[in-house]
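# What the coordinates show
Each chain, letter by letter, is given below.
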Amino acid sequence: MANETMTKQAAEKAGFIAALDQSGGSTPKALRLYGIEEDAYSNDEEMFGLIHDMRARIIKSPAFNGDKVMGAILFERTMDGEIDGVPTAEYLWKERSVVPFLKVDKGLAEEENGVQVMKPMPDLDALLERAVAKGIFGTKMRSVINAANEEGIAAVVAQQFDVGRQILGHGLVPIIEPEVTISISDKAAAEEILLAEILKQLDALGADKQIMLKLTLPETANLYKPLVDHPRVMRVVALSGGYSRDEACRRLSENTGMIASFSRALTEGLSAQQSDAEFDSALAASIDSICAASMAG
């Protein structure tokens, strides 16, 4: 079962969750924003090696520690890798006091009814067993909502909770992430439907179970406060979803009890070409602003 100290930190500690889980499709863009073009690698192994180096540089930076970074979400290859000869999840917890989470989904299915559910995960149980053995605390999985379609949103949330129960069965805490695309015209309506569907599923969850939620910053401030206050929700975290760091932090500060789980907004301004001092300074400033917004609500 989950480490009690990790559970207390995940449930109560101020700070935010760093999303370091860019996978195959998003890795080239993440590297490009970091100053590494596609001609710098010739195959997937080299690409994933470079992204692991970037993540390791972030994790080893002095500002990246449990004082302000409550947790970090890892890609499977990152979990399987090492930092200074130590397995990544173990390094995160023992050296940085940061709770390790693992991205477990295998990408998105084709859009139907205005949403993209997750692709099947036939090997999920085996992955969860490995995660437990490596000291992972929880998981994250992402679906996408592109329209205020009641049938589609209900399908997304039902699938997320079905898989969430499977994850809970392994003693891990699932972060359920039904992302609402920030550019859609009916975003506010989609969020109202999403809230209702999540509340239905939470009410059907066992009284002794707790999950976490990762949600797009809503159009209506504090829309998700009923989820923040729900006894079956350990934490509600916000994704940056394409907003700039400043805009994401501004929106986050308006939502009481939500904390950040930013990816691109966290690494905004970081570059492979920076000296270690420049890199550490830029990352520290990013961490400070995201942590402040997470506590402002």
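### Quick notes on unusual backbone geometry
Located in the positive-phi region is D84, a residue other than glycine, with phi close to 55°. Looking at the secondary structure, you find D84 in the loop between β3 (82-83) and β4 (86-87). Within the chain, N113 stands out as a residue other than glycine whose phi angle is a positive 55°. With respect to the helices and strands, N113 occurs in the loop between β5 (99-103) and β6 (115-116).

### Remarks on the side chain of T88
With respect to the helices and strands, T88 occurs in helix α5 (residues 88-96). Sequence-distant contacts of T88, that is, excluding residues within four places in its chain, are made with H52, I59, L74, T78, M79, G81, E82 and I83.

### Here's the deal with helix α6 (residues 124-133)
Every buried residue of α6 is listed here: L124, L127, L128 and A131. Down the axis, α6 shows its buried residues gathered within 100° of arc, on one side only. In α6, the exposed positions that point more than 90 degrees away from the buried face belong to E129 and A133. Looking one or two residues beyond α6, the residue adopting positive phi is G135, at roughly 85°.

### Describing the pattern of salt bridges
This structure, assessed with the given rule, holds 24 salt bridges. The salt bridge partner of E76 is R130, with a shortest N-O separation of 2.5 Å. Remark: R130 occurs in helix α6 and E76 occurs in helix α4 (residues 76-80); sequence separation between them is 54 residues. Owing to a relative accessible area of 31%, R130 belongs among the partly exposed residues under this scheme. One network of salt bridges, in which partners are shared, links K187, E191, E219, E247, R250, R251 and E254.

### Quick word on the state of the cysteines
On inspection of all chains with the given rule, the structure shows zero disulfides. No disulfide involves C249; its sulfur sits 10 Å from the nearest other cysteine sulfur, which is in C291. The class of C249 is buried, set by a relative accessible area of 10%.

### Things to note about α5
Helical geometry note: an α-helix holds 3.6 residues per turn, so side chains three or four residues apart project in the same direction. Turning to α5, its buried residues are T88, A89, Y91, L92, W93 and R96. Two residues or fewer after α5 comes S97, characterised by a positive phi angle close to 55°.

### Topic: the packing of helix α10 (residues 245-253) against helix α12 (residues 276-296)
Put simply, α10 and α12 touch, their axes get as near as 7 Å, and they point 20° apart. Taken together, the axes of α10 and α12 are roughly parallel relative to one another. Crossing angle aside, the handedness with which α10 passes α12 is left-handed. On α12, the residues that touch R245, C249, L252 and S253 of α10 are S286, S289, I290, A293, S294 and A296.

### Quick word on the packing of aromatic side chains
Per the counting criterion, the structure on display carries three aromatic pairs. Here Y34 and F279 contribute two aromatic rings whose centre-to-centre distance is 6.5 Å and whose plane-to-plane angle is 80°, an arrangement assigned as edge-to-face. Residue Y34 is found in the loop between α2 (27-33) and α3 (44-60), and its partner F279 is found in helix α12; the two are separated by 245 residues along the sequence. The pair formed by Y34 and F279 is uniform in burial state, with each residue classed as buried.

### Points about the layout of surface pockets
If a probe the size of a water molecule is rolled over the atoms, the empty space left behind becomes visible. Counted as a void, the largest pocket has a volume near 830 Å³. Going through the elements one at a time, α2, β7 (138-145), β8 (173-180) and α11 (264-267) are the ones with two or more residues in the lining of the largest pocket. For the lining of the largest pocket, the element with the most residues is α2, which contributes three residues. Residues belonging to the lining of the largest pocket are distributed by class as follows: nine nonpolar, twelve polar and eleven charged.

About the criteria used
Residues numbered from 1 in each chain as written. Predicted model: local features only at pLDDT ≥ 70, side-chain atom pairs only at ≥ 80, totals over all residues. Heavy atoms only, no water. Helix = DSSP H or I, 4+ residues; strand = E, 2+ residues; numbered from the N terminus. Contact = heavy atoms within 4.5 Å. Buried < 20%, exposed > 50% of the residue type's maximum accessible area, 1.4 Å probe, protein only. Arc of directions from axis to C-beta. Salt bridge = Lys/Arg side-chain N within 4 Å of Asp/Glu carboxyl O. Disulfide = S-S within 2.5 Å. Axes fitted to C-alpha atoms, helices over the stretch in contact; angles between N-to-C directions. Parallel < 35°, antiparallel > 145°, perpendicular 65-115°, else oblique. Left-handed = near helix turned anticlockwise from the far one by under 90°. Phe/Tyr/Trp six-rings, centres within 6.5 Å; stacked < 30°, edge-to-face > 60°. 1 Å grid on protein atoms, 1.4 Å probe; cavity = no way out; pocket = protein on both sides within 12 Å on 5 of 7 lines; lining within 4 Å. Points joined across faces, edges and corners; volume = space filled by probe spheres on them. Nonpolar A, V, L, I, M, F, W, Y, C, P; charged D, E, K, R; others polar.

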